[in-house]
Amino acid sequence: MLLGKQGAGKGTQASRLAEHYGIHHLATGDFLRDAAAAGTPLGLEAKSYMDKGSLVPDELVDGVVDEQLHADDRLAHGFVLDGYPRNRHQAERLDETLGAERLDLAVDLDVPTEVVLHRIAGRRVCTQCGAVYHLDNPPEKDWTCDVCGGSVEQRDDDTADAVMRRLELYEMETLPVIQFYRRAGILAHVDGGAETEEVFKHLVELVDSRFDPRTGSL
Ligand code: AMP
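Cut-off values and rules
- Residues numbered from 1 in each chain as written.
- Predicted model: local features only at pLDDT ≥ 70, side-chain atom pairs only at ≥ 80, totals over all residues.
- Heavy atoms only, no water.
- Pairing = 2+ DSSP bridges.
- Helix = DSSP H or I, 4+ residues; strand = E, 2+ residues; numbered from the N terminus.
- Near = heavy atom within 4 Å.
- Polar contact = N/O pair within 3.5 Å; in protein donor to acceptor, adjacent residues only side chain to side chain.
- Areas by Shrake-Rupley, 256 points an atom, 1.4 Å probe, with all protein chains shown as cover.
- Nonpolar A, V, L, I, M, F, W, Y, C, P; charged D, E, K, R; others polar.
- Salt bridge = Lys/Arg side-chain N within 4 Å of Asp/Glu carboxyl O.
- Buried < 20%, exposed > 50% of the residue type's maximum accessible area, 1.4 Å probe, protein only.
- Core = buried A, V, L, I, M, F, W, Y, C linked by side-chain atoms within 4.5 Å.
- Contact = heavy atoms within 4.5 Å.
- Disulfide = S-S within 2.5 Å.
- Axes fitted to C-alpha atoms, helices over the stretch in contact; angles between N-to-C directions.
- Parallel < 35°, antiparallel > 145°, perpendicular 65-115°, else oblique.
- Left-handed = near helix turned anticlockwise from the far one by under 90°.

Caption draft 1: A look at the sheet that holds strand β6 (residues 132–134). With antiparallel pairing, the three strands of this open sheet are ordered in space as β6-β5-β7. Taken across any chain shown, the strands that pair with only one partner, and hence form the sheet edges, are β6 and β7 (152–153). Direction of pairing for strand β5 (residues 123–126) relative to β7: antiparallel, over a ladder of two bridges. Bridged to V125 within β7 is E153.

See below:
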């Protein structure tokens, strides 16, 4: 599981980790954005919260996570969670859902607020595949995604007001989650302020150092 402020690089790193280890990447934010783009009732309701920078109510998000976790062989095969849990209720609920298949590792991607503010102000995201770019690091061709050819745009919730609200909520709601995993003894910190490649290298070193080849898990 990756924890960290908005703009800490959770999405980018989680997707690379999933590819590297051949496991699933479960991102509640991506799922909710896709549902909003598809115009489903859940997506439209969620969007009204997301655009303000508020958390989507637990009753909507919990169902999404259950469905995602239980699809295919995800619980048995492994997954990296990105964007969930975001408050204590979700952390406790996840514990109940996973039962014996408890989480192996929760990583706090630590990035100073001034760095995330710069990253978010210039962040541009592919509307189709979610690949992340920045004004300082645009796609090769005129805001067309290098990966899938989709249109690369600013997220609706990357406005100054919504960003401030999300940072406030992070302090109030998500910091206690970090404490929750510290107590559970599975918390690690990685400096997320470095270049993407370097952060990824540290994450892989961390995961590999905990991997037990006898059990095939961490
Ligand atoms: P993210 O892509 O992770 O930054 O999430 C974007 C937005 O989706 C958040 O600001 C929330 O509005 C909503 N969201 C994502 N995950 C959750 C969650 N676990 N609980 C509540 N809201 C969430």
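Caption draft 2: Main features of the site of the ligand. With respect to spatial proximity, 16 residues lie near the ligand, and among them T28, R33, S54, G83 and Q90 are the closest. Backbone polar atom of S54 to an oxygen atom of the ligand: 2.6 Å apart, as the coordinates give it. Here a nitrogen atom of the ligand and a backbone polar atom of V56 are 3.0 Å apart. Starting from 480 Å² of accessible surface for the ligand in isolation, the protein chains cover 96%. The element that contributes the greatest number of residues to the shell around the ligand is helix α2 (residues 28–38), accounting for four residues. Across the shell around the ligand, the residue classes break down as six nonpolar, five polar and five charged.

Caption draft 3: Fine view of the pattern of salt bridges. Using the criterion set out here, one finds twelve salt bridges in the structure. Two residues, D157 and R155, come together in a salt bridge whose shortest N-O distance is 2.9 Å. Here D157 and R155 have matching classes, each one buried. Between D157 and R166 there is a salt bridge; the shortest N-O distance is 3.8 Å. For the pair shown, D157 and R166 are each scored as buried. Ionic contacts of the salt-bridge type, sharing partners, join the residues R123, R155, D157, D158 and R166 into one network.

Caption draft 4: Representation of the nonpolar core within the structure. Counting 27 residues, the largest nonpolar core has M1, L94, L103 and Y181 as the members making the most contacts within it. Elements represented by at least two residues in this core include exactly α3 (41–50), α4 (58–70), β3 (79–82), α6 (88–98) and α8 (160–184). Once residues lying within four places of it in the same chain are set aside, the contact partners of M1 are L81, Y84, P85, L94, L103, L105, A106, V107 and Y181. The next biggest cluster of nonpolar side chains, apart from the first, holds 22 residues, and it includes V107, V111, A188 and L206.

Caption draft 5: Main features of the pairing of β5. Neither face of β5 is exposed, since R123 and V125 on one face and R124 and C126 on the opposite face are all buried. In this structure, β5 lies alongside β6, joined through three bridges in antiparallel fashion. Bridge pairing in β6 places V125 opposite V132. Hairpin geometry of β5 and β6 is characterised by an intervening segment of five residues between the two adjacent antiparallel strands and by a positive phi of about 85° at G130.

Caption draft 6: Local environment of the side chain of T28. Summarising the element assignment, T28 is placed in helix α2. For T28, a relative accessible area of 9% corresponds to the buried category. In this structure the side chain of T28 is engaged in a polar contact, spanning 3.0 Å, whose partner is the backbone oxygen of G83. The contacts of T28, once residues within four sequence positions are left out, are V61, V65, D82, G83, Y84 and R86.

Caption draft 7: Seen up close, the environment of E59. Position of E59 relative to the elements: it lies in helix α4. Given a relative accessible area of 65%, E59 falls into the exposed group. Separated by 77 residues in the primary sequence, E59 and D136 place their C-alpha atoms 38 Å from one another.

Caption draft 8: Spatial organisation of the state of the cysteines. In total, this model carries zero disulfides according to the counting rule given. Among the cysteines around C126, which has no disulfide bond, C148 carries the closest sulfur, lying 3.5 Å off.

Caption draft 9: Molecular detail of the packing of helix α1 (residues 10–21) against helix α9 (residues 196–210). Their axes nearest at 10 Å, the elements α1 and α9 cross at an angle of 50°. Classified by the angle between their axes, α1 and α9 sit oblique to one another. In this structure, the crossing between α1 and α9 has a hand that is right-handed. Across the interface between the two elements, T12, Q13, R16, L17, H20 and Y21 of α1 pack against T196, E197, V199, F200, L203, V204, V207 and D208 of α9.

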